[in-house]
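Observations on the model geometry
Chain by chain, the residues:
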Amino acid sequence: MVGKSANTTAATTIYATATKEPESWIESILNKIPLPRWAIYALAGAALFIILLFIICICCCCCKSKKKKEGKKDKGKKIDMDKVPSDMTSQLVQPGTENSQKGEKVEYLGRVQCSLEYNFQTEELTVGVKQAASLKAMDLGGTSDPYAIVYVTNDTRKKYETKVNRKTLNPVFNESFIFKVTQEEVPRSTAVVQIYDFNRFLKHDVIGEMSIPLAEVNLQHVLEDWKELGPAGKTEHEHLGDICFSLRYVPSNKKLKVIILEAKNLKRMDSDGFSDPYVKVHLALNKKKWKRKKTAVKRSTLKPYFNESFTFDVSLEQMKKIDLIISVWDHDKVGKNEQIGKLFLGCRASGNALQHWSDMLAHPQRPIAQWHKLQETREVDKILDLKRNLKPSLLRSLP
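Residues numbered from 1 in each chain as written. Predicted model: local features only at pLDDT ≥ 70, side-chain atom pairs only at ≥ 80, totals over all residues. Heavy atoms only, no water.

Naming follows an unreviewed UniProt entry, where the protein appears as Synaptotagmin-1 of Xenopus laevis. According to its UniProt record, the protein has this under Sequence similarities (unreviewed entry): "Belongs to the synaptotagmin family." (UniProt positions renumbered as here; feature names shortened; annotations may be inferred.)

**Focus: the overall build of the protein**
Within the protein, the secondary structure is distributed over eight helices and 16 strands. When each of the 399 residues of the protein is scored for burial, the buried share is 35%. Restricting the contact set of the protein to residue pairs at least 6 apart, pairs at least 24 apart contribute 65%. Roughly 25700 Å² of accessible area belongs to the protein as shown, and the carbon and sulfur atoms make up 55% of that amount. (Helix = DSSP H or I, 4+ residues; strand = E, 2+ residues; numbered from the N terminus. Buried < 20%, exposed > 50% of the residue type's maximum accessible area, 1.4 Å probe, protein only. Contact = heavy atoms within 4.5 Å. Areas by Shrake-Rupley, 256 points an atom, 1.4 Å probe, with all protein chains shown as cover.)

**Re the sheet that holds strand S7 (residues 205-213)**
Taken together, four strands build an open sheet; the order of strands is S4-S3-S6-S7 and the sheet is antiparallel. Looking at which strands have only one partner, the edges of the open sheet turn out to be strand S4 (160-161) and S7. Examined bridge by bridge, strand S6 (residues 190-197) and S7 share eight bridges and lie antiparallel to one another. Note that in S7 the partner of Val192 across the bridge is Ser211. (Pairing = 2+ DSSP bridges.)

**Details of unusual backbone geometry**
One non-glycine residue, Ser300, lies in positive phi territory at about 50°. Note on placement: Ser300 falls in the loop between strand S12 (288-294) and strand S13 (305-313). What makes Ser300 partly exposed here is its relative accessible area of 43%. The residue Asn307 is not glycine, and still its phi comes out positive at about 55°. Mapped onto the elements of the fold, Asn307 is located in strand S13.

**Quick word on the pairing of strand S5 (residues 172-180)**
Across the two faces of S5 the burial differs, with Phe173, Glu175, Phe177 and Phe179 buried and Val172, Asn174, Ser176, Ile178 and Lys180 not buried at all. Examined bridge by bridge, strand S2 (residues 124-133) and S5 share seven bridges and lie antiparallel to one another. Bridge assignment links Thr126 to a residue of S5, and that residue is Ile178.

**A word on helix H7 (residues 351-362)**
Helix length check: H7, at 12 residues, gives a terminal C-alpha distance of 16 Å against a target of 16 Å (1.5 Å per residue), a fit within 8%. Three or more residues of H7 are buried, namely Ala353, His356, Trp357 and Met360. Down the axis of H7, the smallest arc covering the buried residues is 95°, so these residues share one side. Opposite the packed face of H7, turned more than 90 degrees from it, sit the exposed residues Gly351, Asn352 and Ala362. Buried residues along H7 sit against strand S9 (242-250), strand S10 (255-264), helix H6 (316-319), strand S14 (322-330), strand S15 (338-346) and strand S16 (368-373). (Expected span 1.5 Å × (residues − 1). Arc of directions from axis to C-beta.)

**Comments concerning the side chain of Asn265**
Its location among the elements puts Asn265 in the loop between S10 and strand S11 (277-285). Among the residues examined, Asn265 registers a relative accessible area of 14% and is labelled buried. Engagement of the side chain of Asn265 in a polar contact is seen with the side chain of Arg188, the distance being 3.3 Å. Excluding residues within four positions of it along the chain, Asn265 makes contact with Glu184, Arg188, His239, Leu240, Gly241, Asp242, Leu302 and Lys303. (Polar contact = N/O pair within 3.5 Å; in protein donor to acceptor, adjacent residues only side chain to side chain.)

**A word on helix H8 (residues 377-384)**
Of the residues making up H8, those classed as buried are Thr377, Val380 and Leu384. All buried residues of H8 lie within an arc of 70° about the axis, which places them on one face of the element. Along H8, the residues that are exposed and aim more than 90 degrees away from the buried face are Arg378 and Lys382. Immediately downstream of H8, the backbone of Asp385 shows phi near 50°, a positive value.

**Description of the pairing of S15**
Counting buried positions over the nine residues of S15 gives seven, a clear majority of the element. Across eight bridges, S14 lies against S15 in antiparallel orientation. Bridge pairing in S15 places Ile326 opposite Leu343.

**A few points about the sheet that holds S11**
Strand order in the open sheet formed by four strands is S12-S11-S14-S15, and the pairing between neighbours is antiparallel. The strands lining the two open edges of the sheet, one partner per strand, are S12 and S15. Along the sheet, successive strands turn relative to each other by an average axial angle of 25°, direction set aside. Seen against the sheet, H7 touches S14 and S15 and runs at an angle of roughly 50° to S15. Across the sheet, H8 is in contact with S14 and S15; its angle to S15 comes to roughly 35°. (Axes fitted to C-alpha atoms, helices over the stretch in contact; angles between N-to-C directions.)

Here it is in structure tokens:
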């Protein structure tokens, strides 16, 4: 019996050995590692994760370097504006117009009927406000109390008002107003009609406005037409005038020479239709007023000729930090002198002013003359942002 049992056990062992599947090469490697299987699997997963991160980082770096190379190529290319679609051009010049052109609803404010008649002999423009229709309701009851304000941009101080029409969205005015507009001022002047809602106790609300550039109409005939109202404040700024001056900088002796040559088309400031203009020349250093000069006053003219020269001592280092401010004033014997307009040049300037300044620096010892349009005083002062804590020792007395 014992012999029989031993023979059975041996036979079983031989059968198990014969039927056992051979180990794979992966299992043989894993069996040789002196770690539990779960630890081996964890280490393998971590290694795989690190390899994936490394591959992703390499791909990102390659994409960035490719974009930089494409950007550098694009910078070197010149854009042919003739080949750019018109809608894209408008987006470059006036970003945001696409939304207004594509489906953005514009509120309807109403329309107004006006007339224009120009007398070439007396140089007078008659602006008639006939009526308005379908105005926007401004009151809680669904109506408005409309009236019109009329002016011409060549002289915004002279404004006229129509009578108020109570509780209506279709007022009838039938009023006319006469403005003095010289033939020279006609091409750059605009007739403006603003419709307001009258409020006895609060500020009057503007409903809308319409404008007619005189250069776009034939004033040989009487014009009468309906115009839709647009949002208020869209009328262009009035033309304040143009000034021509010359700049010259000599680095060797550190001299900045400014020659005020002439001005034209200046805004009328006096009741006789003229102004008494003169020009102030300021230098501001580090946003502080530093030196100043002024021309003589030219009486009763809108086209003064000055031809006056001013020289300032300015080092090359200071040239990087100064603002040259040119302002045109109207002299008043009785009241306070009024500014007509101003502009500034320097490294902080832009447009034609910056170009003039750059041309002067690029051509030392050579006078560079150029015409400039005068700008609103408030707008220029806002950009200059001059400090008020001035040091008297830095200011020069006027000649």
